Amino acid sequence: MAEIGPNTRLRVSPFYDSTLAEGVTAFSPYNSMLMPVSYGDAPAEYDRLMNGVSMWDVGVQRQVEITGPDAARLVQTLSVRDLSACVVGQGKYVPMCDHRGVLINDPVVLKLAEDHFWLSIADNNILMWARAIAQERGMVATITEPDVSPLAIQGPKAEDLVASIFGDWVRDLKYFWFADAEIHGIPMKIARSGYSKQGGFELYLTDGSRGTGLWNIVREAGQPWGIGPGTPNPVERIESGLLSYGGDTDDLTNPFEVRLGRYVDLTLPDDVVGIKALRQIKAEGPKRHQLGIVLDDQPRQSGHAVWYDVLQNAEKVGSMTNGGWSPRKETVIGYGLVSTNLKIGDRVEVLRGGKLDAGTLTALPFY
Ligand code: THG
(Lines give C-alpha, C1' and ligand atoms only; values in the text may rest on other atoms or scores of the structure.)
Protein backbone atom coordinates (compact mmCIF):
# COMPACT_ATOMS: atom_id res chain seq x y z
CA MET A 1 0.00 0.00 0.00
CA ALA A 2 1.20 3.51 -0.80
CA GLU A 3 2.09 5.67 2.14
CA ILE A 4 2.04 9.32 3.04
CA GLY A 5 3.91 10.50 6.08
CA PRO A 6 5.52 13.41 7.83
CA ASN A 7 8.01 15.46 5.85
CA THR A 8 9.06 19.08 5.71
CA ARG A 9 5.86 19.97 3.82
CA LEU A 10 3.56 17.87 5.99
CA ARG A 11 4.17 18.68 9.64
CA VAL A 12 2.95 16.56 12.51
CA SER A 13 1.64 17.81 15.83
CA PRO A 14 3.28 17.37 19.25
CA PHE A 15 0.63 14.69 19.93
CA TYR A 16 1.58 12.61 16.88
CA ASP A 17 3.53 9.91 18.79
CA SER A 18 0.63 9.56 21.23
CA THR A 19 -1.91 9.18 18.42
CA LEU A 20 0.22 6.42 16.87
CA ALA A 21 0.48 4.68 20.25
CA GLU A 22 -3.34 4.92 20.55
CA GLY A 23 -3.75 3.17 17.20
CA VAL A 24 -4.76 5.96 14.84
CA THR A 25 -5.84 4.36 11.53
CA ALA A 26 -6.31 7.36 9.22
CA PHE A 27 -5.04 10.89 8.75
CA SER A 28 -6.24 13.68 6.51
CA PRO A 29 -4.07 16.56 5.32
CA TYR A 30 -5.19 19.85 6.92
CA ASN A 31 -3.26 23.11 7.00
CA SER A 32 -0.23 21.22 5.60
CA MET A 33 -0.26 18.92 8.62
CA LEU A 34 -1.58 15.43 9.38
CA MET A 35 -4.93 15.38 11.19
CA PRO A 36 -6.02 12.10 12.80
CA VAL A 37 -9.48 11.29 11.42
CA SER A 38 -10.09 7.74 12.66
CA TYR A 39 -9.05 5.20 15.26
CA GLY A 40 -10.83 2.41 13.36
CA ASP A 41 -13.95 2.10 15.55
CA ALA A 42 -16.51 4.72 14.51
CA PRO A 43 -19.31 3.52 16.86
CA ALA A 44 -17.01 3.62 19.92
CA GLU A 45 -15.62 7.04 18.97
CA TYR A 46 -19.14 8.41 18.53
CA ASP A 47 -20.30 6.85 21.80
CA ARG A 48 -17.44 8.36 23.83
CA LEU A 49 -18.22 11.80 22.43
CA MET A 50 -21.98 11.51 23.06
CA ASN A 51 -21.95 9.78 26.47
CA GLY A 52 -18.49 10.13 27.99
CA VAL A 53 -15.37 12.01 27.07
CA SER A 54 -13.03 11.94 24.11
CA MET A 55 -9.60 13.50 23.46
CA TRP A 56 -8.56 14.78 20.04
CA ASP A 57 -5.26 15.86 18.51
CA VAL A 58 -6.35 19.05 16.74
CA GLY A 59 -2.86 20.52 16.38
CA VAL A 60 -3.85 21.19 12.75
CA GLN A 61 -5.92 24.10 14.09
CA ARG A 62 -2.84 26.26 13.57
CA GLN A 63 -2.53 29.70 15.09
CA VAL A 64 -1.76 32.91 13.25
CA GLU A 65 -0.37 35.29 15.84
CA ILE A 66 -0.85 39.02 15.20
CA THR A 67 0.80 41.62 17.44
CA GLY A 68 1.73 45.27 17.21
CA PRO A 69 0.17 48.73 17.12
CA ASP A 70 -2.17 47.91 14.20
CA ALA A 71 -2.96 44.33 15.31
CA ALA A 72 -6.57 45.05 16.32
CA ARG A 73 -7.23 47.06 13.17
CA LEU A 74 -5.75 44.31 11.00
CA VAL A 75 -7.80 41.56 12.66
CA GLN A 76 -10.99 43.59 12.11
CA THR A 77 -9.98 44.30 8.52
CA LEU A 78 -9.73 40.54 7.93
CA SER A 79 -13.03 39.75 9.71
CA VAL A 80 -16.57 40.34 8.46
CA ARG A 81 -17.89 40.05 12.03
CA ASP A 82 -17.81 43.14 14.27
CA LEU A 83 -15.12 42.56 16.92
CA SER A 84 -15.50 45.88 18.75
CA ALA A 85 -17.15 44.21 21.76
CA CYS A 86 -14.54 41.43 22.03
CA VAL A 87 -12.48 41.81 25.21
CA VAL A 88 -9.18 40.35 26.38
CA GLY A 89 -9.67 36.70 27.38
CA GLN A 90 -12.55 36.22 24.97
CA GLY A 91 -12.75 34.27 21.74
CA LYS A 92 -15.21 34.59 18.88
CA TYR A 93 -16.16 32.55 15.83
CA VAL A 94 -15.37 34.79 12.87
CA PRO A 95 -15.91 34.34 9.13
CA MET A 96 -13.19 35.75 6.87
CA CYS A 97 -13.79 36.57 3.21
CA ASP A 98 -11.82 37.60 0.18
CA HIS A 99 -12.62 40.71 -1.86
CA ARG A 100 -15.40 38.83 -3.68
CA GLY A 101 -17.14 38.07 -0.40
CA VAL A 102 -16.17 34.42 -0.75
CA LEU A 103 -15.49 32.63 2.53
CA ILE A 104 -11.76 31.90 2.91
CA ASN A 105 -11.74 30.78 6.55
CA ASP A 106 -13.85 30.58 9.71
CA PRO A 107 -11.39 30.77 12.60
CA VAL A 108 -11.88 31.23 16.28
CA VAL A 109 -10.25 34.58 17.10
CA LEU A 110 -8.69 34.76 20.56
CA LYS A 111 -7.90 38.19 22.01
CA LEU A 112 -4.86 37.78 24.31
CA ALA A 113 -4.23 41.51 24.81
CA GLU A 114 -5.39 44.75 23.21
CA ASP A 115 -2.58 44.36 20.65
CA HIS A 116 -2.22 40.55 20.59
CA PHE A 117 -4.46 38.02 18.81
CA TRP A 118 -4.47 34.41 17.69
CA LEU A 119 -6.51 33.28 14.72
CA SER A 120 -7.16 29.56 15.24
CA ILE A 121 -7.63 28.71 11.61
CA ALA A 122 -9.39 26.20 9.39
CA ASP A 123 -7.68 24.73 6.33
CA ASN A 124 -6.35 27.69 4.33
CA ASN A 125 -3.20 29.81 4.48
CA ILE A 126 -4.20 32.84 6.53
CA LEU A 127 -0.63 33.62 7.64
CA MET A 128 0.20 34.59 4.06
CA TRP A 129 -3.13 36.37 3.56
CA ALA A 130 -2.74 38.46 6.73
CA ARG A 131 0.80 39.46 5.82
CA ALA A 132 -0.27 40.52 2.34
CA ILE A 133 -3.23 42.59 3.53
CA ALA A 134 -1.17 44.22 6.31
CA GLN A 135 1.64 45.16 3.94
CA GLU A 136 -0.66 46.47 1.21
CA ARG A 137 -2.62 48.57 3.74
CA GLY A 138 0.54 49.94 5.36
CA MET A 139 -0.33 48.46 8.77
CA VAL A 140 2.30 47.93 11.46
CA ALA A 141 1.83 44.39 12.73
CA THR A 142 3.95 41.29 13.26
CA ILE A 143 2.39 38.11 11.88
CA THR A 144 3.95 34.78 12.84
CA GLU A 145 3.09 31.24 13.84
CA PRO A 146 3.58 30.65 17.57
CA ASP A 147 4.36 27.28 19.18
CA VAL A 148 0.73 26.43 19.97
CA SER A 149 -1.08 23.10 19.56
CA PRO A 150 -4.69 22.55 20.59
CA LEU A 151 -5.80 19.31 22.26
CA ALA A 152 -9.60 19.03 22.38
CA ILE A 153 -11.47 17.34 25.23
CA GLN A 154 -15.09 16.86 24.22
CA GLY A 155 -18.18 15.15 25.59
CA PRO A 156 -20.61 15.46 28.51
CA LYS A 157 -17.91 14.36 31.01
CA ALA A 158 -15.29 16.79 29.68
CA GLU A 159 -16.01 19.44 32.31
CA ASP A 160 -15.66 17.04 35.25
CA LEU A 161 -12.43 15.70 33.79
CA VAL A 162 -10.86 19.09 33.06
CA ALA A 163 -11.94 20.35 36.51
CA SER A 164 -10.33 17.28 38.12
CA ILE A 165 -6.98 18.18 36.50
CA PHE A 166 -6.98 21.98 36.67
CA GLY A 167 -9.50 22.91 39.36
CA ASP A 168 -13.12 23.94 39.58
CA TRP A 169 -12.39 27.41 38.15
CA VAL A 170 -12.63 25.93 34.63
CA ARG A 171 -16.37 25.39 35.26
CA ASP A 172 -16.81 29.17 35.21
CA LEU A 173 -15.24 29.67 31.77
CA LYS A 174 -17.80 31.03 29.34
CA TYR A 175 -18.11 29.74 25.78
CA PHE A 176 -14.99 30.64 23.75
CA TRP A 177 -13.36 32.38 26.74
CA PHE A 178 -9.90 31.19 27.80
CA ALA A 179 -7.34 31.47 30.60
CA ASP A 180 -3.74 30.48 31.35
CA ALA A 181 -3.07 27.18 33.07
CA GLU A 182 -0.20 24.84 33.86
CA ILE A 183 0.16 21.23 34.97
CA HIS A 184 3.53 19.68 35.96
CA GLY A 185 5.20 22.71 34.36
CA ILE A 186 3.40 22.21 31.03
CA PRO A 187 2.08 25.61 29.91
CA MET A 188 -1.19 26.15 28.05
CA LYS A 189 -4.30 28.21 27.63
CA ILE A 190 -7.61 26.51 28.36
CA ALA A 191 -10.67 27.56 26.37
CA ARG A 192 -14.25 26.39 26.53
CA SER A 193 -14.62 25.46 22.88
CA GLY A 194 -14.28 22.62 20.42
CA TYR A 195 -15.63 21.30 17.16
CA SER A 196 -18.66 19.47 18.58
CA LYS A 197 -21.91 20.37 20.30
CA GLN A 198 -21.36 17.91 23.18
CA GLY A 199 -19.48 20.44 25.33
CA GLY A 200 -15.86 20.62 26.27
CA PHE A 201 -12.56 22.44 26.24
CA GLU A 202 -9.50 22.98 24.13
CA LEU A 203 -6.07 22.94 25.78
CA TYR A 204 -3.81 25.19 23.70
CA LEU A 205 -0.42 23.66 24.54
CA THR A 206 2.25 26.38 24.31
CA ASP A 207 5.34 24.15 24.48
CA GLY A 208 5.47 21.68 21.61
CA SER A 209 8.10 19.56 23.38
CA ARG A 210 5.50 18.56 26.01
CA GLY A 211 2.83 16.95 23.81
CA THR A 212 3.26 13.39 25.04
CA GLY A 213 3.34 14.59 28.64
CA LEU A 214 0.07 16.48 28.31
CA TRP A 215 -1.61 13.64 26.41
CA ASN A 216 -0.67 11.16 29.16
CA ILE A 217 -1.93 13.42 31.97
CA VAL A 218 -5.34 13.80 30.31
CA ARG A 219 -5.49 10.12 29.35
CA GLU A 220 -4.70 9.03 32.91
CA ALA A 221 -7.06 11.50 34.61
CA GLY A 222 -9.85 10.51 32.21
CA GLN A 223 -9.86 6.81 33.09
CA PRO A 224 -12.76 7.11 35.59
CA TRP A 225 -14.92 8.53 32.78
CA GLY A 226 -13.80 5.97 30.19
CA ILE A 227 -11.82 8.43 28.11
CA GLY A 228 -10.41 7.33 24.77
CA PRO A 229 -9.02 8.87 21.62
CA GLY A 230 -11.22 10.50 19.01
CA THR A 231 -11.20 13.02 16.20
CA PRO A 232 -13.38 15.88 15.06
CA ASN A 233 -16.34 13.58 14.54
CA PRO A 234 -17.42 13.36 10.89
CA VAL A 235 -21.10 12.78 11.67
CA GLU A 236 -21.73 14.41 15.07
CA ARG A 237 -20.55 17.69 13.60
CA ILE A 238 -23.09 17.33 10.78
CA GLU A 239 -25.89 16.32 13.16
CA SER A 240 -24.97 19.47 15.11
CA GLY A 241 -24.85 21.75 12.08
CA LEU A 242 -21.16 22.71 12.26
CA LEU A 243 -19.54 23.90 9.05
CA SER A 244 -16.35 22.44 7.58
CA TYR A 245 -14.57 25.15 5.63
CA GLY A 246 -13.29 23.49 2.43
CA GLY A 247 -15.43 20.42 3.12
CA ASP A 248 -18.80 22.11 2.72
CA THR A 249 -17.61 25.19 0.84
CA ASP A 250 -16.09 25.79 -2.58
CA ASP A 251 -14.35 28.70 -4.28
CA LEU A 252 -17.66 30.57 -4.70
CA THR A 253 -19.29 30.07 -1.29
CA ASN A 254 -20.26 33.18 0.63
CA PRO A 255 -21.20 33.21 4.34
CA PHE A 256 -24.94 33.72 3.67
CA GLU A 257 -25.11 30.47 1.70
CA VAL A 258 -23.80 28.37 4.58
CA ARG A 259 -25.75 29.84 7.54
CA LEU A 260 -23.01 32.22 8.66
CA GLY A 261 -25.03 35.35 7.88
CA ARG A 262 -25.62 35.93 11.59
CA TYR A 263 -21.87 36.53 12.02
CA VAL A 264 -21.68 39.11 9.21
CA ASP A 265 -22.00 42.80 10.10
CA LEU A 266 -22.76 44.70 6.91
CA THR A 267 -22.41 48.06 8.72
CA LEU A 268 -18.66 47.52 9.18
CA PRO A 269 -16.54 50.09 7.32
CA ASP A 270 -15.65 49.59 3.68
CA ASP A 271 -12.02 48.74 4.47
CA VAL A 272 -13.06 45.35 5.90
CA VAL A 273 -12.04 42.91 3.16
CA GLY A 274 -15.11 41.58 1.37
CA ILE A 275 -17.71 43.71 3.12
CA LYS A 276 -18.66 45.72 0.03
CA ALA A 277 -19.13 42.54 -1.98
CA LEU A 278 -21.23 41.03 0.82
CA ARG A 279 -23.56 44.04 0.84
CA GLN A 280 -24.12 43.52 -2.87
CA ILE A 281 -24.60 39.75 -2.48
CA LYS A 282 -27.12 40.39 0.29
CA ALA A 283 -29.01 42.92 -1.84
CA GLU A 284 -29.18 40.55 -4.81
CA GLY A 285 -30.15 37.59 -2.63
CA PRO A 286 -28.08 34.41 -2.41
CA LYS A 287 -28.38 31.83 -5.20
CA ARG A 288 -27.69 28.79 -3.04
CA HIS A 289 -28.41 27.79 0.52
CA GLN A 290 -27.34 25.01 2.84
CA LEU A 291 -30.04 22.57 3.95
CA GLY A 292 -29.92 19.13 5.52
CA ILE A 293 -30.34 16.03 3.38
CA VAL A 294 -31.73 12.81 4.88
CA LEU A 295 -31.46 9.85 2.52
CA ASP A 296 -34.15 7.17 2.72
CA ASP A 297 -33.28 4.00 4.67
CA GLN A 298 -29.55 3.72 4.15
CA PRO A 299 -27.54 0.98 5.92
CA ARG A 300 -24.52 1.84 8.08
CA GLN A 301 -21.67 2.92 5.81
CA SER A 302 -18.58 5.08 5.94
CA GLY A 303 -18.86 8.83 5.50
CA HIS A 304 -17.99 10.80 2.43
CA ALA A 305 -15.98 13.96 2.03
CA VAL A 306 -16.48 14.29 -1.71
CA TRP A 307 -19.38 16.17 -3.27
CA TYR A 308 -22.26 14.34 -4.94
CA ASP A 309 -24.69 15.84 -7.42
CA VAL A 310 -28.17 16.55 -6.07
CA LEU A 311 -30.93 16.20 -8.66
CA GLN A 312 -34.59 17.09 -8.85
CA ASN A 313 -36.62 16.01 -11.89
CA ALA A 314 -33.36 14.74 -13.48
CA GLU A 315 -31.79 18.20 -13.30
CA LYS A 316 -28.79 19.12 -11.19
CA VAL A 317 -29.88 21.54 -8.46
CA GLY A 318 -26.83 21.46 -6.18
CA SER A 319 -24.41 19.24 -4.32
CA MET A 320 -24.43 17.02 -1.27
CA THR A 321 -21.21 18.24 0.35
CA ASN A 322 -20.17 16.08 3.34
CA GLY A 323 -22.29 13.33 4.84
CA GLY A 324 -22.29 10.09 6.75
CA TRP A 325 -24.34 7.49 8.56
CA SER A 326 -26.02 9.05 11.57
CA PRO A 327 -26.56 6.84 14.63
CA ARG A 328 -29.39 9.14 15.73
CA LYS A 329 -31.19 9.19 12.36
CA GLU A 330 -30.18 5.59 11.52
CA THR A 331 -29.58 6.56 7.91
CA VAL A 332 -27.22 8.71 5.86
CA ILE A 333 -27.46 12.45 6.45
CA GLY A 334 -25.44 15.33 5.08
CA TYR A 335 -25.47 18.89 3.89
CA GLY A 336 -26.99 20.04 0.65
CA LEU A 337 -25.64 23.20 -0.96
CA VAL A 338 -28.58 23.70 -3.28
CA SER A 339 -30.38 26.32 -5.34
CA THR A 340 -32.58 28.66 -3.29
CA ASN A 341 -35.45 27.44 -5.52
CA LEU A 342 -35.44 24.31 -3.36
CA LYS A 343 -37.15 24.28 0.01
CA ILE A 344 -37.29 22.25 3.21
CA GLY A 345 -39.42 19.16 2.63
CA ASP A 346 -38.55 18.84 -1.06
CA ARG A 347 -37.72 15.38 -2.34
CA VAL A 348 -34.38 15.08 -4.16
CA GLU A 349 -32.07 12.40 -5.53
CA VAL A 350 -28.36 12.12 -4.83
CA LEU A 351 -26.05 10.57 -7.42
CA ARG A 352 -23.69 8.34 -5.44
CA GLY A 353 -21.42 5.85 -7.20
CA GLY A 354 -23.53 5.85 -10.37
CA LYS A 355 -26.77 5.23 -8.46
CA LEU A 356 -29.58 7.64 -7.53
CA ASP A 357 -30.56 7.59 -3.84
CA ALA A 358 -33.75 9.36 -2.81
CA GLY A 359 -33.89 11.73 0.13
CA THR A 360 -35.57 14.76 1.68
CA LEU A 361 -34.30 18.28 2.34
CA THR A 362 -34.52 19.29 6.00
CA ALA A 363 -33.86 22.23 8.30
CA LEU A 364 -30.47 22.64 9.99
CA PRO A 365 -29.13 21.88 12.49
CA PHE A 366 -30.44 18.31 12.65
CA TYR A 367 -30.16 18.55 16.48
N1 THG B 1 -11.50 25.21 17.50
C2 THG B 1 -10.37 25.95 17.32
N3 THG B 1 -9.91 26.25 16.11
C4 THG B 1 -10.56 25.79 15.01
C5 THG B 1 -11.74 25.04 15.13
C6 THG B 1 -12.21 24.74 16.43
N7 THG B 1 -10.06 26.07 13.79
C8 THG B 1 -10.56 25.35 12.65
C9 THG B 1 -12.06 25.18 12.70
N10 THG B 1 -12.42 24.60 14.02
C11 THG B 1 -12.73 26.51 12.54
N12 THG B 1 -14.15 26.38 12.36
C13 THG B 1 -15.08 26.38 13.38
C14 THG B 1 -16.38 26.06 13.05
C15 THG B 1 -17.36 26.09 14.04
C16 THG B 1 -17.03 26.44 15.33
C17 THG B 1 -15.72 26.74 15.65
C18 THG B 1 -14.74 26.73 14.67
C19 THG B 1 -18.08 26.52 16.38
N20 THG B 1 -19.30 26.93 16.02
C21 THG B 1 -20.43 26.97 16.92
C22 THG B 1 -21.70 26.85 16.07
O23 THG B 1 -21.62 27.07 14.86
O24 THG B 1 -22.71 26.49 16.62
C25 THG B 1 -20.52 28.21 17.79
C26 THG B 1 -20.44 29.52 17.04
C27 THG B 1 -21.01 30.70 17.80
O28 THG B 1 -22.23 30.85 17.80
O29 THG B 1 -20.26 31.51 18.36
O30 THG B 1 -17.83 26.24 17.53
O31 THG B 1 -13.23 24.04 16.64
N32 THG B 1 -9.70 26.38 18.38
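Up top you'll find the structure we're talking about.
For every chain, the first residue of its written sequence is number 1, and the numbers climb from 1 along that sequence. Totals for whole chains, interfaces and linings use all residues, but because this is a predicted model, local features are given only for residues with pLDDT of at least 70 and pairs of side-chain atoms are given and counted only at 80 or more. To obtain the side-chain values, all non-hydrogen atoms of the structure were used and water was disregarded.

Draft legend 1. Inspection of the pairing of strand 4 (residues 63-67) at higher detail. Counting buried positions along strand 4 yields 4 of 5 residues, so the element is predominantly enclosed. When DSSP finds at least two bridges between two strands, those strands are taken to pair. Comment: elements are numbered from the N terminus, with helices defined as DSSP H or I runs of at least four residues and strands as E runs of at least two. Pairing of strand 4 with strand 9 (residues 116-120), which is carried by 5 bridges, proceeds in the antiparallel orientation. If you follow Gln 63 over to strand 9, its bridge partner there is Ser 120. Taken together, the 3 bridges between strand 4 and strand 10 (residues 142-144) define a ladder with antiparallel strand orientation. The residue of strand 10 that forms the bridge with Ile 66 is Ile 143. Buried residues are those whose accessible area, probed at 1.4 Å on protein chains only, stays under 20% of the maximum for their type, while exposed residues exceed 50% and partly exposed ones sit between those limits.

Draft legend 2. Representation of the nonpolar core within the structure. Nonpolar core, defined: a set of buried Ala, Val, Leu, Ile, Met, Phe, Trp, Tyr and Cys residues in which side-chain atoms within 4.5 Å join the residues together. Counting residues in hydrophobic clusters, the biggest one holds 28 residues, and the most contacted among them are Phe 166, Met 188, Ile 190, Leu 203, Leu 214 and Val 218. Of all elements in the fold, only strand 11 (149-154), helix 5 (158-166), strand 12 (178-183), strand 13 (186-191), strand 14 (200-205) and helix 6 (211-221) reach the threshold of two or more residues within this core. For this core, the leading source of residues is helix 5, giving 6 residues. Whether two residues touch is decided by their heavy atoms; if any such pair falls within 4.5 Å, the residues are in contact. Ignoring sequence-local partners within four residues, the contact set of Leu 214 consists of Phe 15, Leu 151, Ile 183, Ile 186, Met 188, Leu 203 and Leu 205.

Draft legend 3. Molecular detail of the site of the ligand. Near the ligand there are 17 residues, and of these Ser 120, Lys 197, Glu 202, Tyr 204 and Tyr 263 occur at the shortest range. Within 3.5 Å is the distance limit for a polar contact, defined as a pair of N or O atoms, with the added protein rule that one can donate a hydrogen and the other accept it, and that residues adjacent in sequence qualify only through two side-chain atoms. Between an oxygen atom of the ligand and a main-chain N or O atom of Tyr 195, the distance comes to 3.5 Å. Here Tyr 263 contributes a side-chain N or O atom positioned 2.7 Å from an oxygen atom of the ligand. The protein chains shown are the only cover counted for residues, whose accessible areas, like all others here, come from Shrake-Rupley with a 1.4 Å probe. Expressed as a share of its isolated accessible area of 650 Å², the protein-covered part of the ligand is 88%. Each residue is assigned to one class: nonpolar for Ala, Val, Leu, Ile, Met, Phe, Trp, Tyr, Cys and Pro, charged for Asp, Glu, Lys and Arg, and polar for all the others, Gly among them. Taken together, the residues that form the shell around the ligand break down as 11 nonpolar, 3 polar and 3 charged. Residues are labelled near a given molecule or strand when at least one of their non-hydrogen atoms is within 4 Å of it.

Draft legend 4. Representation of the environment of Gln 280. As for its placement among the helices and strands, Gln 280 is situated in helix 8 (residues 275-284). Spatially, the C-alpha atom of Gln 280 lies 43 Å from that of Arg 300, the residues being 20 residues apart in sequence.

Draft legend 5. Quick peek at the sheet that holds strand 5 (residues 91-93). Pairing is antiparallel across the open sheet formed by 5 strands, whose spatial order is 5-8-9-4-10. Unpaired on one side and paired on the other, strand 5 and strand 10 mark the two borders of the sheet. Neighbour to neighbour, the strand axes of the sheet diverge by 20° on average, direction disregarded. Sheet topology note: the strand 5/strand 8 (residues 108-113) ladder contains 3 bridges and is antiparallel. Looking at strand 8, one finds that Lys 92 is bridged to Val 109. In the packing of helix 4 (residues 126-136) onto the sheet, contacts are made with strand 4, strand 9 and strand 10, and the angle to strand 10 comes to roughly 165°. Only C-alpha atoms enter the line fits that serve as axes; for helices the fit covers just the stretch in contact. Angles between N-to-C directions range over 0 to 180 degrees.

Draft legend 6. Broad picture of the packing of helix 5 against helix 6. Their axes nearest at 10 Å, the elements helix 5 and helix 6 cross at an angle of 115°. Both helix 5 and helix 6 take part in a crossing whose hand is right-handed. Contacts between helix 5 and helix 6 pair Leu 161, Ser 164 and Ile 165 from the former with Ile 217, Val 218 and Ala 221 from the latter. The class makeup of the residues in the contact of helix 5 with helix 6 is 5 nonpolar, 1 polar and no charged. In a left-handed crossing the near helix is turned counterclockwise from the far helix by less than a right angle, and in a right-handed crossing that turn is clockwise.

Draft legend 7. The arrangement of the packing of aromatic side chains in detail. Aromatic rings from Phe, Tyr and Trp, with only the six-membered ring used for Trp, were paired whenever their centres fell within 6.5 Å, and each pair was classed as stacked if the ring planes differed by under 30 degrees, edge-to-face if by over 60, and tilted otherwise. One pass over the structure, following the stated rule, counts 5 aromatic pairs. Between the aromatic rings of Phe 15 and Trp 215, the centroid separation amounts to 6.3 Å while the plane-to-plane angle is 45°, which identifies the pairing as tilted. Taken as a pair, Phe 15 in the segment before helix 1 (16-21) and Trp 215 in helix 6 lie far apart in primary sequence, 200 residues in all. When its relative accessible area of 1% is taken as the criterion, Trp 215 is described as buried. Ring centres of Tyr 175 and Phe 176 lie 4.5 Å apart, and the angle between their planes is 55°; this geometry places the pair in the tilted category. Residue classification places Tyr 175 among the partly exposed positions, given a relative accessible area of 43%. Working rule: Lys NZ or Arg CZ, within 6 Å of ring centre, within 35 degrees of ring normal, means a charge sits over the ring. The ring of Trp 177 has Lys 174 lying over it, and the distance from NZ or CZ to the ring centre is 4.4 Å. It is Arg 328 that lies over the ring of Tyr 367; its NZ or CZ is 4.1 Å from the centre.

Draft legend 8. Seen up close, helix 3 (residues 71-78). Among the 8 residues of helix 3, 6 are classified as buried, and the element is accordingly described as predominantly covered. Residues of helix 3 that are buried: Ala 71, Leu 74, Val 75, Gln 76, Thr 77 and Leu 78. The inward-facing, buried residues of helix 3 contact strand 4, strand 6 (96-97), strand 8, strand 9, helix 4 and strand 10.

Draft legend 9. Here's a closer look at helix 5. Residues Ala 158, Leu 161, Val 162, Ala 163, Ile 165 and Phe 166 constitute the buried set of helix 5. Close packing links the buried residues of helix 5 with strand 11, strand 12, strand 13, strand 14 and helix 6. At the C-terminal side of helix 5, Gly 167 shows a positive phi close to 110°.

Draft legend 10. Representation of the pattern of salt bridges. The salt bridge criterion pairs a side-chain nitrogen of Lys or Arg with a carboxyl oxygen of Asp or Glu, the two atoms within 4 Å. All chains considered together, the criterion is met by 21 salt bridges. Where Asp 70 meets Arg 73, a salt bridge forms, and the shortest distance between an N and an O atom there is 3.9 Å. Classification of Asp 70 as buried rests on a relative accessible area of 15%. The shortest N-O distance in the salt bridge between Lys 111 and Glu 114 comes to 3.1 Å. Three or more residues joined by partner-sharing salt bridges are found here, namely Glu 159, Asp 160, Asp 168, Arg 171 and Arg 192.

Shape descriptors only; they carry no functional weight alone.
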